[in-house]
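A closer look at the structure
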Amino acid sequence: MSKAKPFSISKQVVWDAFKRVKANGGAAGVDGKSIAEFESDLKGNLYRLWNRMSSGSYFPPPVRTVEIPKDNGGIRPLGIPTVGDRIAQMVVKLYLEPEVEPHFHQDSYGYRPGKSAIEAVGVARQRCWRYDWVVDLDIKGFFDNLDHGLVMRAVRKHTDCKWILLYIERWLKAPAQIADGILVKRDRGTPQGGVVSPLLANLFLHHAFDEWMKCHYPSNPFERYADDIVVHCFSEKQAKRITMQIEERLSQCKLELHPEKTKIVYCKDGTRRSSYPNESFVFLGYSFSPRKAQSRSGQHFVSFSPAVSSQAAKKMHREMRSWRFHRHSDKSLEDLARISNAILRGWINYYGRYYKTALYRVFSFFNRILIRWVRRKYKRFKFHQLRASQWLRGIACKQPWLFAHWGNGFRP
């Protein structure tokens with residue numbers, strides 16, 4: 001390590017940061033340089049990055065902004081830093097995360113080592129059985145509205161490292177480049193898509209929400225995945241009071257609850273007889289609502305439980321359509337399986353954890369896509385959908401392992 005450098009940053013950490021960025025993949029930023037192109041002069045690029053960060057002369061380039069559709073029909077801006085900037089952010093994350101991680105709340109699940117979304121869903125499921133009411137919180141434009149001063153204040157509570165503070169502040173202020181090349185200054189917010197953004201978001205809400213709830217409402221547990229939050233309550237009266245108090249608290253932190261998307265939900269089941277306008281909510285792709293269930297002894301009852309949401313199912317349908325299998329009559333079933341199985345397996349592992357039968361509508365849709373492929377590939381089935389379906393069903397019986405969903409009971 002050069003003694004002339006004002007900041008002590010390990011070259012090994014820069015190398016480790018590159019390996020993580022490469023493993024995560026991702027598109028090119030404003031410079032148009034892909035990970036493969038960055039690797040063409042890997043030693044030189046990493047040295048230049050280390051040199052600039054160590055000397056304090058690293059200034060992040062603008063963040064390329066693309067718009068992606070949201071499940072509700074809206075648009076979410078996604079920020080794509082350059083490959084080099086992603087590595088620089090990863091360097092800061094590798095230094096900062098071990099400092100802040102031990103302080104985070106046990107019910108904060110988003111973007112944390114050893115934590116997962118499906119774990120949060122399972123905990124929420126258990127608590128909905130014990131608590132009659134839920135406050136389903138929606139923070140309006142959370143990532144876009146984070147106050148820079150308050151973010152830096154939260155970071156300074158956990159580190160006094162000058163170069164970490166310097167670069168986080170520069171990343172917060174880095175302009176966004178929209179589709180037509182225009183640069184837009186940012187006076188608030190941190191771009192979704194940045195490597196360090198999830199850590200900053202967690203750190204902000206740790207102080208703005210988690211610690212506040214722990215202090216003021218220790219008997220009301222919650223699950224938080226980034227800015228997706230549900231709070232459990234004993235009564236409607238308490239839920240209304242907590243909602244008002246949270247709204248005031250977030251206002252102090254220069255954030256706002258979405259008035260239409262934030263709602264109080266009654267966790268109705270077979271033992272909770274009364275009714276309420278809201279008896280369901282969506283959390284991390286799962287819809288929590290009253291559902292028919294069966295006990296181990298075979299008795300049927302109504303349980304307030306999670307199952308794959310209609311929004312998540314529609315998203316999976318869109319992904320399946322994007323494969324355009326009906327146009328690939330040159331391929332074999334084995335080829336189609338290789339294309340799709342990793343994604344199908346991921347859906348099953350996540351959405352099949354609870355109320356697995358709700359996935360039937362998703363995979364019956366995929367089976368219809370495969371039937372359409374059969375009719376395009378084999379002339380004898382062109383005008384015979386039933387025969388094509390029977391043929392595919394025969395293949396599924398003989399080779400249930402061919403497609404991931406067939407092996408999990410979702411055969412045609």
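The notes below deal with the structure included here.

Scoring rules and cut-offs
- Residues numbered from 1 in each chain as written.
- Predicted model: local features only at pLDDT ≥ 70, side-chain atom pairs only at ≥ 80, totals over all residues.
- Heavy atoms only, no water.
- Helix = DSSP H or I, 4+ residues; strand = E, 2+ residues; numbered from the N terminus.
- Expected span 1.5 Å × (residues − 1).
- Buried < 20%, exposed > 50% of the residue type's maximum accessible area, 1.4 Å probe, protein only.
- Arc of directions from axis to C-beta.
- Contact = heavy atoms within 4.5 Å.
- Axes fitted to C-alpha atoms, helices over the stretch in contact; angles between N-to-C directions.
- Parallel < 35°, antiparallel > 145°, perpendicular 65-115°, else oblique.
- Left-handed = near helix turned anticlockwise from the far one by under 90°.
- Nonpolar A, V, L, I, M, F, W, Y, C, P; charged D, E, K, R; others polar.
- Salt bridge = Lys/Arg side-chain N within 4 Å of Asp/Glu carboxyl O.
- 1 Å grid on protein atoms, 1.4 Å probe; cavity = no way out; pocket = protein on both sides within 12 Å on 5 of 7 lines; lining within 4 Å.
- Points joined across faces, edges and corners; volume = space filled by probe spheres on them.
- Pairing = 2+ DSSP bridges.

Over its 14 residues, helix α14 (residues 385–398) extends 20 Å from the first C-alpha to the last, a length consistent with the 20 Å expected when each residue adds 1.5 Å. Among all positions of α14, only Ala-388, Ser-389, Leu-392, Ile-395 and Ala-396 are buried. One side of α14 holds all its buried residues, which, seen down the axis, span an arc of 120°. Seen from the open side of α14, the exposed residues pointing more than 90 degrees away from its buried face are Leu-386, Cys-397 and Lys-398. Those residues of α14 hidden inside the fold are in contact with α12 (333–351) and α13 (360–377).

Turning next to the side chain of Glu-101. One can find Glu-101 in the loop between α4 (83–100) and α5 (117–130). The class of Glu-101 is buried, set by a relative accessible area of 17%. Glu-101 has contacts with Arg-112 and Pro-113, leaving out every residue within four places of it along the chain.

The next point concerns the packing of α4 against helix α9 (residues 197–216). Two numbers describe how α4 lies on α9: the axes approach to 10 Å, and their chain directions differ by 30°. Here α9 runs roughly parallel to α4, going by the angle between their axes. When the axes of α4 and α9 are compared, the crossing they make is left-handed. Residues Gln-89, Lys-93, Leu-96, Glu-97 and Val-100 of α4 lie in contact with α9, whose contacting residues are Ser-197, Leu-199 and Leu-203. Residue classes in the contact of α4 with α9 are distributed as four nonpolar, two polar and two charged.

This part covers the pattern of salt bridges. Counted according to the given criterion, the structure contains 13 salt bridges. Residues Arg-112 and Glu-101 are paired through a salt bridge, measuring 2.6 Å at the closest nitrogen-oxygen approach. Of the two residues, Arg-112 sits in the loop between α4 and α5 while Glu-101 sits in the loop between α4 and α5, which places them 11 residues apart along the sequence. A residue is classified by how much of its surface remains accessible, and Arg-112, at 9% relative accessible area, is buried.

All right, on to the environment of Gly-149 then. Mapping Gly-149 onto the fold places it in helix α7 (residues 148–156). Separated by 47 residues in sequence, Gly-149 and Pro-102 place their C-alpha atoms 23 Å apart.

The final tally for this structure, using the stated rule, is one cavity of 30 Å³ or more. If you add up the space inside the largest cavity, you get close to 80 Å³. As for the largest cavity, its lining consists of 14 residues, and the residues nearest its centre are Gln-89, Trp-171, Thr-190, Pro-191 and Ser-197. Broken down by secondary-structure element, the contributors of at least two residues to the lining of the largest cavity are α4, α8 (162–173) and α9. Each residue belonging to the lining of the largest cavity can be placed in one class, and the counts come to eight nonpolar, four polar and two charged.

End to end, helix α11 (residues 310–322) covers 18 Å across 13 residues, agreeing with the expected 18 Å (1.5 Å per residue, within 8%). Where the residues of α11 are buried, they touch β11 (300–308), α12 and α13. Arg-324 lies just past α11 and shows a positive phi near 50°.

As a further point, take unusual backbone geometry. Positive phi, close to 55°, is recorded for Leu-284, a residue that is not glycine. Residues other than glycine seldom take positive phi values, yet Tyr-355 does so here, at roughly 50°. When you line up the elements, Tyr-355 lands in the loop between α12 and α13. The exposure class assigned to Tyr-355 is partly exposed, which follows from its relative accessible area of 32%.

Glancing now at the sheet that holds strand β7 (residues 228–233). Within a sheet, each strand pairs with its neighbour through backbone hydrogen bonds, oriented either parallel or antiparallel. With antiparallel pairing, four strands are arranged side by side in an open sheet as β6-β7-β3-β8. Since the sheet does not close on itself, it has two edges, and those belong to β6 (222–225) and β8 (263–266), each with one partner. Strand-to-strand twist in this sheet, taken as the mean axis angle between neighbours without regard to direction, amounts to 15°. The strands touched by α9 within the sheet are β3 (133–138), β6 and β7, with β6 carrying the most contacts at an inclination of about 175°. Seen against the sheet, helix α10 (residues 236–252) touches β3, β7 and β8 and runs at an angle of roughly 140° to β7.

On to the sheet that holds strand β2 (residues 75–80), then. Taken together, the four strands give an open sheet; going across it, the order is β2-β1-β4-β5, and neighbouring strands pair in mixed fashion. With one partner strand each, in any of the chains shown, β2 and β5 (183–184) form the two edges of the open sheet. One ladder, built from two bridges, connects strand β4 (residues 176–177) with β5; its direction is antiparallel. Across the sheet, Ala-176 pairs through a bridge with Val-184, a residue of β5.

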